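Descriptive analysis of the structure
Residue-level listing of the chains:
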Amino acid sequence: MSVIILLLGASLIVALFFLFAFIWSVKDGQYEDDFSPAHRMLFDDKTDNE
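Everything in this summary refers to the structure shown in the same document.

Thresholds, definitions, all that
Once a new chain begins, its residue numbering starts again from 1 and follows that chain's sequence as written. The predicted nature of this model means local features are confined to residues of pLDDT at least 70 and side-chain atom pairs, given and counted, to a pLDDT of 80 or more, with totals for whole chains, interfaces and linings taken over all residues. With hydrogens and water stripped out, all remaining heavy atoms of the structure feed into the side-chain values. Without a salt bridge and with relative accessible area above 30%, a residue can belong to a patch; like charges are then joined within 9 Å and nonpolar side chains (Val, Leu, Ile, Met, Phe, Trp, Tyr) within 5 Å. What sets the accessible areas is the Shrake-Rupley method with a 1.4 Å probe; for residues, cover comes only from the shown protein chains. The salt bridge definition used is simple: a Lys or Arg side-chain nitrogen within 4 Å of an Asp or Glu carboxyl oxygen. Only DSSP runs of H or I reaching four residues or more are called helices, and only runs of E reaching two or more are called strands; each is numbered from the N terminus. One less than the residue count of a helix, multiplied by 1.5 Å, gives the span that helix is expected to have. Think of it in three bands: residues with accessible area under 20% of the maximum for their type are buried, residues over 50% are exposed, and the middle band is partly exposed, with areas taken using a 1.4 Å probe on protein chains only. In summary, the pairing rule links any two rings of Phe, Tyr or Trp, Trp by its six-membered ring, whose centres are within 6.5 Å, and it sorts them by plane angle into stacked for under 30 degrees, edge-to-face for over 60 and tilted for everything else.

Attention shifts here to a nonpolar patch on the surface. Taken together, the side chains of Leu 16, Leu 19, Phe 22, Ile 23, Val 26 and Tyr 31 present a nonpolar region at the surface, about 600 Å² in accessible area. The topology assignment puts Phe 22 in helix H1 (residues 2-27).

In structure tokens form, the structure reads like this:
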């Protein structure tokens, strides 16, 4: 029974760490890219060589 309590405590600490990291990255502007490189590959760039 004590192992379950220990594992629950450890999982709560890990979950709180990831929640803190997510909130920190949102406040830092990590997810503010509206036009990412993954979307840029879908559109053709007109170059002077054509």
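This next bit is on H1. Helix length check: H1, at 26 residues, gives a terminal C-alpha distance of 38 Å against a target of 38 Å (1.5 Å per residue), a fit within 8%. Counting buried residues in H1 gives 1 out of 26 residues, a small share hidden from the surface. The positive-phi residue at the C-terminal boundary of H1 is Gly 29, with phi of around 90°.

Okay, the packing of aromatic side chains next. Scanning the entire structure with this criterion turns up 3 aromatic pairs. Between Phe 17 and Phe 18, the ring centres sit 5.5 Å apart and the planes meet at 65°, which makes this aromatic pair edge-to-face. With relative accessibility at 55%, the residue Phe 18 sits in the exposed group. Ring plane angle 20° and centroid distance 6.4 Å describe the contact between Phe 20 and Trp 24, whose orientation is recorded as stacked.

None of this, on its own, says anything about what the molecule does.
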